[in-house]
Amino acid sequence: MKHLDLVGSTTVITGAANGMGAEIARQLAPRGVHLALVDHDGAALDALAAELTGAPVTTHVVDLRDDDAVFAAAAQLSAAHPRITALITCAGSSMLGDLDQLTMEEMRWLTDVNLWGTVSITKALLPALRAAPAAHITHLASVYALAAPAGRLPYALSKFAVRGFSEGLRHELEGTTVSVGAVYPAGVRTGIILHGRYAAAIDPAVAARAAAAQAAMYHTDPADAAARIIRATERRAARTMVGREARLIDLLVRLAPTAYWRVMRRPLRAATDTRTPVA
């Protein structure tokens, strides 16, 4: 498959205001890659756009849970950027809590953000991507799309679904000019877990302790992860692991598909404990 040259064409990044999306934008702009940045946080988008130099940048304030708003923004975005060759979906959040603690509304909220937002923006921009001589879609899944831990059911559910969507869409688009890949990051120090949501039934102090325990396990530098994601997009890779932990978990699940939790339970004990009171 032909290597994708992003320079001089447009890459659309969702969840661009913070975290991995912002870091990817910071690395692409100086290389002359045109950027369309999508996020629900307009102030943060404007702040990021102000610091980027080297190529044209447009910002698009969109709540990805709103299908009508997504398709309207995609039309505007496509008009502003006539040559879109890459879509990188970074928008997402997390949710702490076990099934007894979570409400259906809380779980649906996370699924709307992580899964349906990804599906909606991909569907809305697919015509523009098809119009390019070559294009690639990169979906950020998660290591928890490979292995589902206790205490992260809505997150694992949504990310396993993103994985399935990515793989199925890749098969649908075989033989076309558009390729699709999923990235499986583990342990990237973006702070997503510290700023994510938790079930209202959980004591905030307990939730903060669990989130901090999870964050302490993150070792990959965001800049390194962003470079890996960009490289995967340029290579039009179907499956990319980011971080040593991701490669280890991928291997573990292959070797013990029904017993991997026996290995993962102990190191994740503090990060999945949303019930023990804080002393």
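Residues numbered from 1 in each chain as written. Predicted model: local features only at pLDDT ≥ 70, side-chain atom pairs only at ≥ 80, totals over all residues. Heavy atoms only, no water.

For clarity, the threshold we go by: UniProt positions are given in the numbering used here, feature names are shortened, and annotations may be inferred rather than shown by experiment.
Looking at an unreviewed UniProt entry, one finds the protein named SDR family NAD(P)-dependent oxidoreductase, with Microbacterium paraoxydans as its source organism. Recorded under Sequence similarities (unreviewed entry), the UniProt text for the protein is reproduced unchanged: "Belongs to the short-chain dehydrogenases/reductases (SDR) family."

Remarks on the packing of helix H4 (residues 104–130) against helix H5 (residues 153–172)
So the rule is basically this: Angular values range over 0 to 180 degrees, each being the angle between N-to-C directions of two axes fitted as lines to C-alpha atoms, with helices fitted over their stretch in contact. Put simply, DSSP marks the helices as runs of H or I at least four residues long and the strands as runs of E at least two long, and each gets a number from the N terminus on. Orientation is classified from the angle alone, with under 35 degrees giving roughly parallel, over 145 giving roughly antiparallel, 65 to 115 giving roughly perpendicular, and any other angle giving oblique. Put simply, a crossing is left-handed when the front helix is turned counterclockwise from the back one by less than a right angle, and right-handed when it is turned clockwise. In this analysis, two residues are considered to be in contact whenever any of their non-hydrogen atoms come within 4.5 Å of each other. Lys, Arg, Asp and Glu make up the charged group, whereas Ala, Val, Leu, Ile, Met, Phe, Trp, Tyr, Cys and Pro make up the nonpolar group; the residues left over, Gly among them, are polar.
The interhelical angle for the contact between H4 and H5, taken along N-to-C directions, is 15°, at an axis separation of 8 Å. Taken together, the axes of H4 and H5 lie roughly parallel to each other. H5 is crossed by H4, and the crossing has right-handed handedness. Across the interface between the two elements, Met107, Leu110, Thr111, Asn114, Leu115, Thr118, Val119 and Thr122 from H4 touch Pro154, Tyr155, Leu157, Ser158, Lys159, Ala161, Val162, Phe165 and Leu169 from H5. Class assignment of the residues belonging to the contact of H4 with H5 gives a composition of 11 nonpolar, five polar and one charged.

Observations concerning the sheet that holds strand E3 (residues 57–61)
Formally: Two strands are counted as paired when DSSP detects at least two bridges linking them.
On the basis of which strands lie adjacent, the open sheet formed by seven strands has the order E3-E2-E1-E4-E6-E7-E9 and parallel pairing. This sheet does not close on itself; its edge strands, each paired only once, are E3 and strand E9 (239–242). With direction set aside, neighbouring strand axes in the sheet form an average angle of 15°. Direction of pairing for strand E6 (residues 135–140) relative to strand E7 (residues 178–185): parallel, over a ladder of six bridges. Within E7, the residue paired with Ile137 across the bridge is Val180. Where helix H2 (residues 42–51) meets the sheet, its contacts fall on strand E2 (34–39) and E3, and the angle it forms with E3 comes to roughly 175°. Along the sheet, helix H9 (residues 244–255) makes contact with E7 and E9, crossing E9 at roughly 120°.

A short note on the side chain of Ser158
Note the following rule: Each residue's exposure class comes from its accessible area (1.4 Å probe, protein chains only) as a fraction of the maximum for that residue type: buried when under 20%, exposed when over 50%, partly exposed otherwise. What qualifies as a polar contact is a pair of N or O atoms within 3.5 Å, subject to a donor-acceptor requirement within protein and to the restriction that residues adjacent in sequence count only when both atoms come from side chains.
Considering the arrangement of structural elements, one finds Ser158 in helix H5. Its relative accessible area of 0% is what places Ser158 among the buried residues. Polar side-chain contacts of Ser158 include one of 2.8 Å to the backbone oxygen of Tyr155. Here Ser158 is in contact with Leu110, Thr111, Asn114 and Leu115, once residues within four sequence places are set aside.

Let's talk about the nonpolar core
The line we're drawing: For the purposes of this section, nonpolar cores are sets of buried Ala, Val, Leu, Ile, Met, Phe, Trp, Tyr and Cys residues that join through side-chain atoms within 4.5 Å.
By size, the foremost hydrophobic cluster in this structure holds 38 residues, and its most contacted members are Val143, Tyr184 and Met264. Listed by contribution, the elements that provide at least two residues to this core are strand E5 (95–96), H4, H5, E7, helix H7 (204–215), H9 and helix H10 (260–264). In terms of residue count, H4 provides more of this core than any other element does, six residues in total. Other than its neighbours up to four places away in sequence, Tyr184 contacts Ala141, Ser142, Val143, Ala145, Leu146, Arg163, Glu167, Arg239, Thr240, Met241, Val242 and Ala246. Counting 30 residues, the second-largest nonpolar core is a separate cluster that includes Ile88, Val183, Val188 and Ala226.

Let's talk about the UniProt feature "domain: Ketoreductase" (unreviewed entry) in the protein
Under the local residue numbering, the UniProt record ascribes the feature "domain: Ketoreductase" (unreviewed entry) to residues 9–196. With 45% helix and 20% strand, residues 9–196 has end C-alpha atoms that lie 33 Å from one another.

Quick word on helix H8 (residues 222–235)
The α-helix winds at 3.6 residues per turn, so residues separated by three or four positions along the chain end up facing the same way. This is how it is decided: A helix is expected to span 1.5 Å multiplied by its residue count minus one.
With 14 residues, H8 extends 20 Å from end C-alpha to end C-alpha; this agrees with the ideal 20 Å at 1.5 Å per step. Residues of H8 that are buried: Pro222, Ala225, Ala226, Ile229, Ile230, Ala232, Thr233 and Glu234. Looking at the packing, one finds that the buried side of H8 touches helix H1 (19–28), strand E4 (84–89), E6, E7 and E9. One side-chain oxygen at the N-terminal end of H8 lies 2.9 Å from the backbone nitrogen of Ala223; it belongs to Asp221.

So, H9
Our working rule: When we speak of the arc, we mean the arc of directions from the helix axis to the C-beta atoms.
For H9, which comprises 12 residues, the first-to-last C-alpha distance of 17 Å matches the rise-based estimate of 16 Å (1.5 Å per residue) to within 8%. Of the residues making up H9, those classed as buried are Ala246, Ile249, Asp250, Leu252 and Val253. Looking straight down H9, one finds that the buried residues subtend no more than 165° of arc, so they occupy a single side. The exposed set on the far side of H9, more than 90 degrees from its buried face, consists of Arg244, Arg254 and Leu255. Structurally, H9 contributes buried residues whose contacts are with E7, E9 and H10.

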